[in-house]
Amino acid sequence: MTLETKIQTSKLTMVQAVTDALRIMLREKSEVLLMGEDIGSNGGVFRATESLFEEFGEDRVIDTPLSESGIIGVSIGMAVNGFIPVAEIQFLGFIYPAFEQIMTHATRIRMRTMGKFSIPMVIRAPYGAGIRAPEIHSDSVEALFTHMPGIKVVCPSTPSDAKGLLIACIEDPDPVLFMEPLKLYRAGREDVPEGKYTVEIGKARIVKEGHDVTVISWGAMVPESLKAAEELEAKGISAEVLDLRTLYPLDREAIAASVQKTGRVVIVQEAQMTGGVANDVMAVVNDTSFLYLRAPMARVAGFDVPVPMFALEEHYLPDTERIKKSIEKTVHF
């Protein structure tokens, strides 16, 4: 007879889980440092770095000028020289000035140097609508980065995944874009294991088992998809919900296994419909599971417009009702 070790947990919000992961890695590795606008004594615009400046000082938690291109450029130089920078972009919509640095340099240095150098850096970027932020603060443009090999793209939907995935990203030898859904930052608390642990990059998670249809989503759309699936149980529809967690590389095996079990697919993304990650998921289904399909694949997404201001923001975002209608249409095809 063996005694099981009880895992100690704490009730944390997602933003608190992010802070916990950063603190653990700053303590463990002297090479880790944080860079970003207002992340020092102010603790960041969302307080994701709260108290870290006081514990680790200005040489490890570095307030930067308002220059996203500069933040990423300096981070790349530091990564080449043995540091592990974790750069914060205040909102994903602010990342556009740094796009050239990421795509021209961060993603290519391993290939350019034939493996002599890598870029162990993480770019943390809060993203998404639903918090009544101004223009350019609510963009969901993950597909811009999944198009370029050389950078991983990770997006948690729970506090425990946020902590484990962020630690895994910091330990990864290559650049990672770590997208943090703003709508979920303080949406709730869950039991998060204390201490260090990792969640493997590139592995999806089944949130809910089902057998009639597979609903695939990520980030802030996972709770909406789960709610829709649970409400449809009363109508006799058994929906399986798959949280991708990593958008590049996609977990092709998990996608194929779920779709081959259910024979139907609904993909839910917050981003605009055209050119989104949902299209890549559909391609994976087509490549691996086309002959298992019993209905056309469906997408629920934002509209092909810039994310609108406050009055129309909720109308723009996919919600439970839109997801339910798409699931019902697919199941009853």
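Numbering of residues starts from 1 in every chain and runs along the sequence as written. Given that the model is predicted, a residue must reach a pLDDT of at least 70 before its local features are reported, and side-chain atom pairs must reach 80 or more before they are shown or counted; all residues, however, enter totals for whole chains, interfaces and linings. Neither water nor hydrogens contribute to the side-chain values; these are computed over all heavy atoms in the structure.

Caption draft 1: Structural view of the packing of aromatic side chains. Within 6.5 Å between ring centres, the rings of Phe, Tyr and Trp (the latter by its six-membered ring) count as paired, and their orientation is classed by plane angle as stacked under 30 degrees, edge-to-face over 60, tilted in between. Under the counting rule described, the total for this entry stands at five aromatic pairs. Relative to Phe 91, the ring of Phe 46 has its centre 5.4 Å away and its plane inclined at 70 degrees; by these criteria the two rings are edge-to-face. Of this pair, Phe 46 sits in the loop between strand E2 (32–36) and helix H2 (52–56) while Phe 91 sits in the loop between strand E4 (84–88) and helix H4 (99–106), and the two are 45 residues apart along the sequence. Judged by its relative accessible area of 6%, Phe 91 falls in the buried class. Site record: aromatic cluster; members linked through ring pairs are Phe 46, Phe 91, Phe 94 and Tyr 185. Each helix is a run of H or I in the DSSP string that is no shorter than four residues. Each strand is a run of E no shorter than two, and both are numbered from the N terminus. Only protein chains enter the calculation, and the probe is 1.4 Å; a residue is then buried if its accessible area is under 20% of its type maximum, exposed if over 50%, and partly exposed in between.

Caption draft 2: Region of the structure containing helix H7 (residues 159–171). Every helix has an expected span of 1.5 Å times one less than the residues it contains. For H7, which comprises 13 residues, the first-to-last C-alpha distance of 19 Å matches the rise-based estimate of 18 Å (1.5 Å per residue) to within 8%. When you tally the buried positions in H7, you get 12 out of 13 residues, the bulk of the element. Buried residues of H7: Pro 159, Ser 160, Asp 161, Ala 162, Lys 163, Gly 164, Leu 165, Leu 166, Ile 167, Ala 168, Cys 169 and Ile 170, and no others.

Caption draft 3: Summary view of the packing of helix H9 (residues 252–262) against helix H10 (residues 277–289). To get an axis, a line is fitted to the C-alpha atoms, and for a helix only the part in contact is used. The angle between two axes follows their N-to-C directions and goes from 0 to 180 degrees. Two elements in contact, H9 and H10, have axes whose closest approach is 9 Å; the angle formed by their N-to-C orientations is 65 degrees. Taken together, H9 and H10 sit at an angle that is classed as roughly perpendicular. Crossing of H9 over H10 shows right-handed handedness. Residues Arg 252, Ile 255, Ala 256, Val 259 and Gln 260 of H9 form the contact with H10, whose participating residues are Val 281, Val 284, Val 285, Asp 287, Thr 288 and Ser 289. These descriptions rest on fixed angle ranges, namely under 35 degrees for roughly parallel, over 145 for roughly antiparallel, 65 to 115 for roughly perpendicular, and the rest for oblique. Two helices crossing with the near one rotated counterclockwise from the far one by less than a right angle form a left-handed crossing, whereas a clockwise rotation gives a right-handed crossing. Contacts: residue pairs with any heavy atoms within 4.5 Å of one another.

Caption draft 4: Structural view of the environment of Met 103. When you line up the elements, Met 103 lands in helix H4. Every residue in contact with Met 103, bar those within four places of it in the chain, is listed here: Arg 108, Leu 144, Phe 145 and Met 148.

Caption draft 5: Spatial organisation of the pairing of strand E10 (residues 213–217). Counting buried positions along E10 yields five of five residues, so the element is predominantly enclosed. Side chains Val 213, Val 215 and Ser 217 of E10 all project onto a buried face; the interleaved residues Thr 214 and Ile 216 project onto the opposite face, where all are buried too. Handedness of the E10-helix H8 (residues 221–232)-strand E11 (residues 239–243) crossover: right-handed. Bridging between E10 and strand E13 (residues 265–272) involves three bridges; their strand directions are parallel. Here a crossover is taken to be right-handed if, once the strands point away from the viewer, the path from the first strand over the helix to the second is traced clockwise. At least two bridges found by DSSP between two strands is the condition for calling them paired.

Caption draft 6: Region of the structure containing the sheet that holds strand E7 (residues 176–181). The sheet built from seven strands is open, its strands ordered E3-E2-E4-E5-E7-E6-E12 with mixed pairing. Here the strands that pair on one side only, and so sit at the sheet edges, are strand E3 (61–63) and strand E12 (246–248). The mean angle between the axes of side-by-side strands here comes to 20 degrees, regardless of whether they run parallel or antiparallel. Note that strand E6 (residues 152–154) and E7 share three bridges and pair parallel. Directly across from Lys 152, in E7, lies its bridge partner Val 176.

Caption draft 7: How the structure looks around the nonpolar core. Within the largest apolar cluster, 107 residues are counted, with the highest numbers of intra-cluster contacts made by Ile 72, Ile 255 and Ile 327. The dominant element in this core, judged by the number of residues it contributes, is helix H1 (residues 14–28), at nine residues. Ignoring any residue separated from it by four or fewer positions in sequence, one finds Ile 72 in contact with Ala 87, Ile 89, Ala 98, Gln 101, Ile 102, Met 121 and Ile 123. What is meant by a nonpolar core is a set of buried Ala, Val, Leu, Ile, Met, Phe, Trp, Tyr and Cys residues, joined one to another through side-chain atoms within 4.5 Å.

Caption draft 8: Geometry of the side chain of Thr 246. By the element assignment, Thr 246 lies in strand E12. From its side chain, Thr 246 meets the backbone nitrogen of Gly 202 in a polar contact 2.8 Å long. Non-local contacts of Thr 246, meaning those with residues more than four positions away in its chain, are made with Val 153, Val 154, Ile 201, Gly 202 and Lys 203. We call two N or O atoms a polar contact when they sit within 3.5 Å, provided that within protein one can donate a hydrogen and the other can accept it, with sequence-adjacent residues counted only if both atoms are side-chain atoms.

Caption draft 9: Region of interest: the side chain of Arg 124. For Arg 124, the location among the structural elements is in strand E5 (residues 122–127). Contact partners of Arg 124, with chain neighbours within four places excluded, come to Val 18, Leu 22, Ala 48, Thr 49, Val 86, Ala 87, Glu 88, Ile 89, Leu 166, Phe 178, Glu 180 and Tyr 185.

Caption draft 10: A look at the pattern of salt bridges. What makes a salt bridge here is a side-chain nitrogen of Lys or Arg within 4 Å of a carboxyl oxygen of Asp or Glu, nothing more. Evaluated as defined, the whole model comprises 23 salt bridges. Among the salt bridges present, the one from Glu 55 reaches Arg 23, with a minimum N-O distance of 3.6 Å. Of this pair, Glu 55 sits in helix H2 while Arg 23 sits in helix H1; the two residues are 32 residues apart in sequence, bridging distant segments of the chain. Residue classification places Glu 55 among the partly exposed positions, given a relative accessible area of 37%. Owing to a relative accessible area of 19%, Arg 23 belongs among the buried residues under this scheme. Residue Glu 209 pairs with Lys 261 through a salt bridge whose shortest N-O separation is 2.9 Å. Linking Glu 209 in the loop between strand E9 (205–208) and E10 with Lys 261 in helix H9, this pair joins segments that are 52 residues apart in sequence. Taking relative accessible area as the criterion, Lys 261 reaches 42% and is therefore assigned partly exposed.

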